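Secondary and tertiary structure notes
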Amino acid sequence: MTDQTASLSWRDERIPVSDQFDDPYFSLENGLAETEHVFLSGNDLPNRFAPGFHIAELGFGTGLNLLTVWRAWEQSGQTTPLRFTSFEAFPMKPEDMRRALVAFPGIMPWADRFLADWTGGGSLQLDTLHLDVVVADARQAVPTWQEQADAWFLDGFSPAKNPELWGSDLMQAVANHTKESGTAATYTAAGFVRRGLEEAGFTVTRVPGFGRKRHMTRAEKRSR
C-alpha cells in the first residue's frame, strides 16, 4: 500500500475531506480544540508526560494530532524526544498537509519544523520528536508491531464510513500493544467500538464529547 495517497476535496477551501471515506479530517468547528479535548485530555495529557513517553495513533491524516501533542510536550518542559507512531493507509501529501494546517496558526511553528523534512511516510527524528508513520493497513500492521504505547489516539474516519478501523480484532491488537495502565481515547462513542475495547481488556468510560458531539470514549487498560 506504499503507493496509496489520500484523495481529497476541500470544503470552504480550507477543510480537507477524504474522497475515499467522504468524511472531513477534523472538526468543522475547531479541529485544534477538538484534538486537545479528545486526545490530550482524553489521555490525561500533558499530566502523564515523562521521558520516553510513547503515543500510537490510528490515522495520521493532516498531522494535527501529532503537532498539537508535540507542542504540549515542549511547552510542558520536556526536553527528551516524544515518541509517536501512527498507522496510516492513505498518507496525505505534505503540500496538502500544509494547506490544511494553516487554519491553526497556533501550531504553525511546529508544523514548519515538521514539514521542512517530511516526505509523507517513514521516520523523522528531531531533537524533541521521534516519529514513525507506518504506511499500511492498520489491521495488518498493528498486530505485528514490536512495541507498546503509553497512550493511543484512535482517530480513524467515522465508524459508520470506515468500520474496518474500529473492528474488535483491531481493538484487541491495540490492547495487546498498550502498556499496563495505558490509555486510549477517541471522539466516537459508538456502542460496538466501546464493546470492542472492553472485550479487549480496557475499562471504558463514556465522557462529554467536543462541540456538538454529546459523548466520546476514554479507555484504560486493566491490570491483569
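Bear in mind that the values here come from a model prediction, so they are computed numbers and not experimental data.

**A closer look at the overall build of the chain**
Secondary structure summary: the chain contains seven helices and 11 strands in total. Across its three principal axes, the chain shows a C-alpha extent of roughly 45 × 40 × 35 Å. Taking all 224 residues of the chain together, 54% fall into the buried category. Sequence-distant contacts, at least 24 apart, represent 71% of the contacts inside the chain between residues at least 6 apart. If you sum the accessible surface of the chain, you get close to 10000 Å²; carbon and sulfur atoms cover 45% of it. Taken as two groups, the 22 positive and 29 negative side-chain charges of the chain have centres that lie 6 Å from each other.

**A word on the nonpolar core**
Grouped together as the largest cluster of nonpolar side chains are 77 residues, with contacts concentrated most on Leu-58, Phe-114, Leu-131 and Trp-152. In terms of residue count, the dominant contributor to this core is helix α2 (residues 64–75) (seven residues).

**A word on the environment of Phe-87**
Looking at where Phe-87 falls in the secondary structure, it is placed in strand β5 (residues 82–88). What makes Phe-87 buried here is its relative accessible area of 3%. Spatially, the C-alpha atom of Phe-87 lies 13 Å from that of Ala-149, the residues being 62 residues apart in sequence. With near-sequence residues (within four places) excluded, Phe-87 lies in contact with Glu-57, Leu-58, Gly-59, Phe-60, Val-134, Ala-138, Ala-141, Val-142, Trp-145 and Trp-152.

**Re the sheet that holds strand β1 (residues 8–11)**
As summarised here, the arrangement of the three strands in space is β1-β2-β3, forming an open sheet in which the pairing is antiparallel. Lying at the two open borders of the sheet, with one neighbouring strand each, are β1 and β3 (23–24). Inspection of the sheet shows strand β2 (residues 15–18) paired to β3 by two bridges, in the antiparallel sense. Of the residues in β3, the one forming a bridge with Val-17 is Pro-24.

**As for the layout of surface pockets**
The calculated volume of the largest pocket comes to roughly 820 Å³. Taken together, 41 residues make up the lining of the largest pocket; nearest its centre are Asp-23, Pro-24, Gly-156, Phe-157 and Tyr-187. Contributing elements (two or more residues each) for the lining of the largest pocket: β3, α1 (31–40), α2, β5 and α5 (138–144). The leading source of residues in the lining of the largest pocket is α1, at four residues. Across the lining of the largest pocket, the residue classes tally to 18 nonpolar, 11 polar and 12 charged.

The rules we used
- Residues numbered from 1 in each chain as written.
- Predicted model: local features only at pLDDT ≥ 70, side-chain atom pairs only at ≥ 80, totals over all residues.
- Heavy atoms only, no water.
- Helix = DSSP H or I, 4+ residues; strand = E, 2+ residues; numbered from the N terminus.
- Buried < 20%, exposed > 50% of the residue type's maximum accessible area, 1.4 Å probe, protein only.
- Contact = heavy atoms within 4.5 Å.
- Areas by Shrake-Rupley, 256 points an atom, 1.4 Å probe, with all protein chains shown as cover.
- Lys, Arg positive; Asp, Glu negative; His and termini not counted.
- Charge placed at Lys NZ, Arg CZ, Asp CG, Glu CD.
- Core = buried A, V, L, I, M, F, W, Y, C linked by side-chain atoms within 4.5 Å.
- Pairing = 2+ DSSP bridges.
- 1 Å grid on protein atoms, 1.4 Å probe; cavity = no way out; pocket = protein on both sides within 12 Å on 5 of 7 lines; lining within 4 Å.
- Points joined across faces, edges and corners; volume = space filled by probe spheres on them.
- Nonpolar A, V, L, I, M, F, W, Y, C, P; charged D, E, K, R; others polar.

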